[in-house]
Amino acid sequence: WVENPEDIDVTLRIPGLRGQPAECLGVLFSTTTVSLTAFGRVVWSCIQMGISDTDDCLFLTQEGADGVPVIQLNIKKRDTEERWGGFILQIGEDSIL
């Protein structure tokens, strides 16, 4: 992850998604969480270190090395004065909140 004054850029490679086609993956943004879906079902989620502006969050998925898809996130901060100091506060049990 890279933190900028207005946003955070995150690249995720989750080994548990090995073999899932990048095209089947989606991202659900809320103000405090991010959830990844595969074929429409939530398969991974986390609580963010700060509050995001969900209207301006973006994602891109692509095939990765060794069959592990790469998920790139751009998360806009609600409060651009706040420094998050990280991206993930907590990952859910079994990777799902």
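Structure: above.
Just so you know, these numbers come straight off a predicted model, no measurement behind them.

### Some remarks on the sheet that holds strand E5 (residues 41-48)
What the four strands build is an open sheet, ordered E3-E4-E5-E8; its pairing is antiparallel. The open sheet has two edge strands, strand E3 (25-29) and strand E8 (88-91), and neither has a second partner. Averaged over all adjacent pairs, the angle separating strand axes in this sheet is 25°, with direction ignored. Bridge count between E3 and strand E4 (residues 33-38): five bridges; the pairing is antiparallel. The residue of E4 that forms the bridge with Leu25 is Ala38.

### Here we look at the environment of Gly85
The residue Gly85 is located in the loop between strand E7 (70-76) and E8 in this model. Each C-alpha atom of the pair Gly85 and Met49 lies 7.5 Å from the other, and the pair is 36 residues apart in sequence. When neighbours within four sequence positions are excluded, Gly85 is seen to be in contact with Trp1, Glu3 and Met49.

### Some thoughts on the pattern of salt bridges
This model, assessed by the stated rule, comprises three salt bridges. Close ionic contact of Lys77 with Glu3 constitutes a salt bridge, the shortest N to O distance being 2.6 Å. A residue pair is termed long-range when its members are at least 10 positions apart, and Lys77 in the loop between E7 and E8 and Glu3 in strand E1 (residues 2-3) qualify at 74 residues. Glu3 matches Lys77 in its accessibility class, with the two residues each being buried. Asp7 is the salt-bridge partner of Lys76, the closest N and O atoms lying 3.4 Å from each other.

What counts, and where the lines are drawn
Residues numbered from 1 in each chain as written. Predicted model: local features only at pLDDT ≥ 70, side-chain atom pairs only at ≥ 80, totals over all residues. Heavy atoms only, no water. Pairing = 2+ DSSP bridges. Helix = DSSP H or I, 4+ residues; strand = E, 2+ residues; numbered from the N terminus. Axes fitted to C-alpha atoms, helices over the stretch in contact; angles between N-to-C directions. Contact = heavy atoms within 4.5 Å. Salt bridge = Lys/Arg side-chain N within 4 Å of Asp/Glu carboxyl O. Buried < 20%, exposed > 50% of the residue type's maximum accessible area, 1.4 Å probe, protein only.

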